[in-house]
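The lines below spell out each chain.
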Amino acid sequence: MKDYLISMFVDNELNLDEKIEFVETVHKNKPFKDETVELLDQEKLLQSSMVTAMPEVRTPVYRTEKTGLFRLMFTPIAGFATAMTLVAAFFLLRPAPVISPGELQHRFVIYNPDVSKTEIVGDFTRWNPVPLEKVGDSGYWSVTLKLEAGEYRYSYLIDNNRQIADPTVLTHEQDDFGGKNSIIKVTTAI
Amino acid sequence: MNTFRKFYTENKERLFGYLLRKTGNYHLAADIMQESFTRYLERYKDRDQSPALLFTISRNLLYDHARKNRYDASYEEEQHGSELDQENAYSIKEEYKRVLRAIQQLDDEAQDILALAVSSGLSYREIADMTGNSEANIKVKIHRSRVKLKKILQQDQL
């Protein structure tokens, strides 16, 4: 008897012929069926996460050789960018129109005049980069995304190599990569 | 870079799951996970992302660790016996300690193969390649490991 079909069943490795064989054996052979159920029960234990919390990992993804210099150059710009983005936010960020119940539009804006590419990555994009578009020659970049109400984490990716939190959002947290994510709560527009 | 981030997010829990089952030790698993991602990133970040490669790096790090500590077995035993057990006590849920202990009683190969089958999300084909088995062989070995574990768990309850 091909006992190992049970493990192949547990691990989703059966092809169609083997599935037929497996089902017929389960049907005809009680010990085989019992063994399958016992091993499935054991598998529930085996596959549980088992831990109270995942360990923290610091992976130096965003640290490059140039980081120190970049940071130095970047600091005054960041301050300026923050101020400008706040001004921009005042003018540009109007309450987003409601699309359908539960679904909202959120406009992300950042001032970044001297870069050639700005993207946003967040849990709402499953951490895939989504490009922002230039707003004329103003130095602003923006994108409007449809989001459901809820809490989101994101950051901006500049020229493929620099990750920054949103300077207009005060709440942020350290991610596992030595970078920072902004945290926003999107709620129904008033 | 962000593709790496996605790769990391998708594989972090799997890799940790594998290492925890293989070692039974929360902190050792965490250290080796950290080192595995760091090495992967340093050496292979420009290649197509491959979970199999990540797991291979981890397995090699585990073997290095085991080899280094073989010379110092008494020290290791002491560590396992006292401090690490205490640290594990906080990090591993009570109902699973029995399962982790049972896995540690399997022989090395069975432990490794079972931990890969249960946690890695890799296919039998990939596990066979990684462990130097044929695909026909790995089916049987994975199943035998599960059955052995079942026996250990049953004896444990008697």
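So, how was this worked out
By convention here, each chain's residues receive numbers from 1 onward along its written sequence. In the order they appear in the text, chains get letters beginning with A and ligands get numbers beginning with 1. Reporting of local features is limited, given that this is a predicted model, to residues whose pLDDT is at least 70; pairs of side-chain atoms are given and counted only at 80 or more, and all residues count toward the totals for whole chains, interfaces and linings. Secondary structure elements are taken from DSSP: a helix is a run of H or I of four residues or more, a strand is a run of E of two residues or more, and numbering for both begins at the N terminus. In this scheme the burial state of a residue depends on its C-beta neighbours within 10 Å: 20 or more other such atoms mean buried, 12 or fewer mean exposed, and anything in between means partly exposed; the C-beta positions come from the backbone. A pair of residues counts as a contact when their C-beta atoms, built from backbone coordinates, are separated by no more than 7 Å. To estimate the expected span of a helix, subtract one from its residue number and multiply by 1.5 Å. Directions from the helix axis toward the C-beta atoms define the arc. Looking at any residue, its pLDDT shows the predictor's confidence there, from 0 to 100. Any residue outside Ala, Val, Leu, Ile, Met, Phe, Trp, Tyr, Cys, Pro, Asp, Glu, Lys and Arg is labelled polar, Gly included; the first ten of those are nonpolar and the last four are charged. For two strands to pair, DSSP has to find at least two bridges joining them.

So, the overall build of chain A
At step 1: A tally of helices and strands in chain A yields four helices and 10 strands.
At step 2: When burial is assessed residue by residue, chain A has 23% of its 190 residues classed as buried.
At step 3: Once local pairs closer than 6 in sequence are excluded, the contacts in chain A between residues at least 24 apart make up 60%.

Digging into the overall build of chain B
At step 1: When its secondary structure is counted, chain B shows nine helices and zero strands.
At step 2: When the helices and strands of chain B are read in sequence order from the N terminus, they spell out α-α-α-α-α-α-α-α-α.
At step 3: Here chain B holds 158 residues, and 33% of them are scored as buried.
At step 4: Of all intrachain contacts in chain B linking residues separated by at least 6 positions in sequence, the fraction that spans at least 24 positions is 67%.

Observations regarding helix α2 (residues 26-44) of chain B
All names here are of chain B.
At step 1: With 19 residues, α2 extends 26 Å from end C-alpha to end C-alpha; this agrees with the ideal 27 Å at 1.5 Å per step.
At step 2: Within α2, burial applies to Y26, A29, I32, M33, S36, F37 and Y40. Buried residues of α2 fall within an arc of 135 degrees about the axis and therefore sit on the same side. Turned more than 90 degrees from where α2 packs its buried face, E42 and R43 sit exposed.

Some words on the confidence of the model for chain B
At step 1: Per-chain confidence: chain B averages 86 in pLDDT, with 85% of residues scoring 70 or above.
At step 2: On the interface metric, ipTM, the complex scores 0.85, and its pTM is 0.62.

What about the environment of N11 of chain B?
All names here are of chain B.
At step 1: Within the secondary structure, N11 is located in helix α1 (residues 2-23).
At step 2: Accessibility expressed as a C-beta count within 10 Å gives 21 for N11, which makes it buried.
At step 3: In the structure, N11 is positioned 110 residues away from G121 in sequence and 8.9 Å away in space, judged by C-alpha atoms.
At step 4: Apart from the residues within four sequence positions on either side, N11 is in contact with P51 and L54.

Observations concerning the interface of chain A and chain B
At step 1: At the interface, 32 residues of chain A touch 35 residues of chain B.
At step 2: Of all the elements in the fold, those that place two or more residues in the side of chain A that touches chain B are α1 (5-10) and α3 (30-47) of chain A.
At step 3: At six residues, the largest contribution of residues to the side of chain A that touches chain B is made by α3 of chain A.
At step 4: Here the residues of the side of chain A that touches chain B are counted per class, giving 20 nonpolar, seven polar and five charged.

Digging into the pairing of strand β6 (residues 140-148) of chain A
All names here are of chain A.
At step 1: Here strand β2 (residues 103-111) runs beside β6; their pairing, made up of nine bridges, is antiparallel. Within the sheet, the bridge partner assigned to Q105 lies in β6 and is K146.
At step 2: With three bridges joining them, strand β5 (residues 133-135) and β6 adopt antiparallel strand pairing. Note on β6: the bridge partner recorded for E133 is S142.

Some thoughts on the pairing of strand β10 (residues 180-186) of chain A
Taken residue by residue, a regular strand's side chains alternate between the two faces of the sheet.
Residues and elements named next belong to chain A.
At step 1: Note that strand β7 (residues 150-158) and β10 share five bridges and pair antiparallel. By the bridge assignment for β10, E151 is matched with K185.
At step 2: Note: strand β9 (residues 172-174) against β10, three bridges, orientation antiparallel. Its bridge partner being in β10, E173 is matched across the sheet by N181.
At step 3: The turn linking β9 back onto β10 is made up of five residues, and G178 within it adopts a positive phi angle of 80 degrees.

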